[in-house]
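Understanding the architecture of this molecule
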Amino acid sequence: GWHGTTNQEIWDNLHKFKVTGVELNKYISDHKGSLPVVSYMKYKPSEHAGLIPVIQVNLRLNDTKSFSQFVSVMTKSADNMKNYLNDFQYVDNAKTITLAGRQAFYFSAKFNMLTKNSDTIKARSRTYAVPIGDKFLQINFTDGPNEDCSKLFDSLVKTIKFN
C-alpha cells in the first residue's frame, strides 16, 4: 500500500541501451552523485501532513579502493550529518555488518527537522551502504516515533538480495 516514486523512465531508458560503466558513472555524476533507483512513501504528500515514512534506494559512486577505506569515508559522512540535521544522535553507532552476504556499512540515527511552518518533526533513519565495485547502493528507511515502521523495515531488510 505504499506509493512508489521511482525514476522508472530513467531505468527504462538505461535498460533499452547497452550502458558502459563509464557512461553510468557520468549519468550518476550528472545527477549530483546519486541516482535514485526506487523510493516508496507510506502516504502521498498531497494527502498527509507531517512526517511521511520513506524507503529509498540510491546508486552512488564509490571512489574507495578497499572496504576499510569505504567504511572510513562513510563514517565521516555520517558524522557530518550532525552539521545538517538538528539534534542528530546515533541510535546505532556506525558499524560494519553483513547484508545479504555482502559487507556493508550501517548506522541508525534520530534527528529533528523543521517544516516550512517552523514546526519540529522528529524523525529516525536507518542507513545501509553496500559497495559494489566502483559504485554503492545506499538504502535508507525513514520513519518517526509517531509513525513507527520498524517491524516492516526489519522484515524488508531480510528480503534484500544481490545478484
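Residues numbered from 1 in each chain as written. Predicted model: local features only at pLDDT ≥ 70, side-chain atom pairs only at ≥ 80, totals over all residues. Heavy atoms only, no water.

A short note on the sheet that holds strand β7 (residues 135-143)
Picture the strands of a sheet paired through backbone hydrogen bonds; they go either parallel or antiparallel. Reading across from one edge, β1-β2-β3-β7-β6-β5-β4 is the order of the 7 strands in this open sheet, with antiparallel pairing throughout. Each having just a single partner strand, β1 (3-4) and β4 (86-99) make up the two edges of the open sheet. Here 9 bridges tie β4 to strand β5 (residues 102-114), and the two strands are oriented antiparallel to one another. Each bridged residue has a counterpart across the sheet, and for Thr96 the counterpart in β5 is Phe105. With respect to the sheet, helix α3 (residues 67-80) is in contact with β4, β5, β6 (120-132) and β7, its orientation differing from that of β5 by roughly 5°. In the packing of helix α4 (residues 150-157) onto the sheet, the strands contacted are β3 (54-61), β4, β6 and β7, and the crossing angle to β7 comes to about 155°. (Pairing = 2+ DSSP bridges. Helix = DSSP H or I, 4+ residues; strand = E, 2+ residues; numbered from the N terminus. Contact = heavy atoms within 4.5 Å. Axes fitted to C-alpha atoms, helices over the stretch in contact; angles between N-to-C directions.)

Quick look at the pairing of strand β2 (residues 34-41)
In this structure, β1 lies alongside β2, joined through 2 bridges in antiparallel fashion. Bridged to Gly4 within β2 is Tyr40. Taken together, the 7 bridges between β2 and β3 define a ladder with antiparallel strand orientation. When the bridges of β3 are listed, Pro36 appears paired with Asn58.

Looking at the pattern of salt bridges
Throughout the structure, instances matching the rule amount to 5 salt bridges. Put simply, Asp154 and Arg126 hold a salt bridge, and the shortest N to O gap is 2.8 Å. Remark: Arg126 occurs in strand β6 and Asp154 occurs in helix α4; sequence separation between them is 28 residues. Overall, Asp154 belongs to the partly exposed group, its relative accessible area being 37%. In this structure, Asp134 and Lys135 form a salt bridge, with 2.8 Å as the shortest nitrogen-oxygen distance. One salt-bridge network, held together by shared partners, links Arg124, Asp143 and Asp148. (Salt bridge = Lys/Arg side-chain N within 4 Å of Asp/Glu carboxyl O. Buried < 20%, exposed > 50% of the residue type's maximum accessible area, 1.4 Å probe, protein only.)

Any link to function would need more than the numbers given here.
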